[in-house]
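Here is what each chain is made of, one letter per residue.
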Amino acid sequence: MQHFTIYSPVEEIYDELFARKSIRLFIKRDDCIHPFISGNKWRKLKHLLQKAENQQKNHLVTFGGAWSNHLLATACAGATFKFKTTAFVRGETVTNPVLDLCRLFGMELRFTSRESYRDKPSLFQTYFADNTSAFFIDEGGASAEAVQGCAEIIDELQQPFSHLFCAAGTGTTAAGLSNGLTARQANTQLHIVPVLKGAGFLKSAMNSYINRPDNFLFHENYHFGGYAKTTPELMDFIRRFTSQTGILIDPIYTGKMLYAIYDLAQKDYFKPGETILALHTGGIFGLLGKLDKAV
Ligand SMILES: *Cc1c(COP(=O)(O)O)cnc(C)c1O
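From a predicted model like this one, the values you see are computed outputs, not experimental measurements.

1. A few points about the state of the cysteines
Counted under the stated rule, the structure contains zero disulfides. Here Cys102 stays free of any disulfide, with the sulfur of Cys76 as its closest cysteine sulfur at 9.7 Å. Classification of Cys102 as buried rests on a relative accessible area of 0%.

2. Re unusual backbone geometry
Even without a glycine there, the phi angle at Ser22 is positive, about 55°. Looking at the secondary structure, you find Ser22 in the loop between helix H1 (16-21) and strand E2 (24-29). Judged by relative accessible area, which is 41%, Ser22 ranks as partly exposed. The phi angle at Gln56 is positive, at roughly 55°, despite the residue not being glycine. With respect to the helices and strands, Gln56 occurs in the loop between helix H2 (39-54) and strand E3 (59-64). Relative accessible area serves as the criterion here: at 71%, Gln56 is assigned to the exposed category.

3. What to know about the packing of aromatic side chains
All told, the structure shown has 24 aromatic pairs when counted by the stated rule. An angle of 20° between the planes, with centres 5.9 Å apart, marks the rings of Phe124 and Phe128 as stacked. Of this pair, Phe124 and Phe128 both sit in helix H6 (residues 120-128), four residues apart, which is roughly one turn of that helix. One exposure class covers both Phe124 and Phe128, and it is buried. Within the aromatic cluster, the residues linked to one another by ring pairs are Phe18, Tyr222, Phe224, Phe237, Phe241, Tyr259 and Tyr262. If you follow Arg90 out to its NZ or CZ, it ends over the ring of Tyr117, 5.6 Å from the centre.

Rules behind the numbers
- Residues numbered from 1 in each chain as written.
- Predicted model: local features only at pLDDT ≥ 70, side-chain atom pairs only at ≥ 80, totals over all residues.
- Heavy atoms only, no water.
- Disulfide = S-S within 2.5 Å.
- Buried < 20%, exposed > 50% of the residue type's maximum accessible area, 1.4 Å probe, protein only.
- Helix = DSSP H or I, 4+ residues; strand = E, 2+ residues; numbered from the N terminus.
- Phe/Tyr/Trp six-rings, centres within 6.5 Å; stacked < 30°, edge-to-face > 60°.
- Lys NZ or Arg CZ within 6 Å of the ring centre and 35° of its normal.

In structure tokens:
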């Protein structure tokens, strides 16, 4: 794999709310890593691609929904690093800008019934068992390699923060941050904002990867009805945040996470003098499917 330089600065977000509460909010711009191999999707793919290359596999086979940031990232990473790419896409045949971009990057799409989509290893087995160049990548890139890639985010931080916030879908990113903080013995409280309802499964999913299962907190009241569900209140917040900062956030992940921070700040959750770091996990294309609701 050729060298891939990443750019992910930490920037301060100024808001009258934070001045009033004597706290400071910073954002780690993993969305700046790459327009398509964005945010945590690059973090999660990095070591997987290395592993595929080490095993002389040149065909990535992965899984995702029709608006998946992971599919787009894998399609573009495949084109960049010379892998063929195939995706099993959940549900009936559809088209949208994300899938069109995947195709443009050369990804083969195979639409798959929700029922057979559930068993990903068996899909891989059925269609790729004889293909010695095929490399399995789970939905969202979830894997030990992905956790390791996300732990590296902590190594890039140049100053300590009182709090670190991230959005969680599968919890892979959160698990990586948890491990990264443990390894660094950082005195930072990790906060996880699940974007789906009933996040109980997240804890057990994360448990298989983390070294210290007690160094994070969940904020389970910011799912806005469930995965990819939105409310006018959330869309209002996104519009306000984006127009005041110039930073695009999406209603699926980062919008919910930042909403949580602003809401908690409002409710005096943070102590004066504390610093908060929000991880921008990228994936702005999630906004495209909801753009009409945002403006
Ligand atoms: C995929 C994604 C997430 C969820 O990451 P997990 O590791 O599955 O918890 C968060 N934010 C964005 C923007 C994403 O695309």
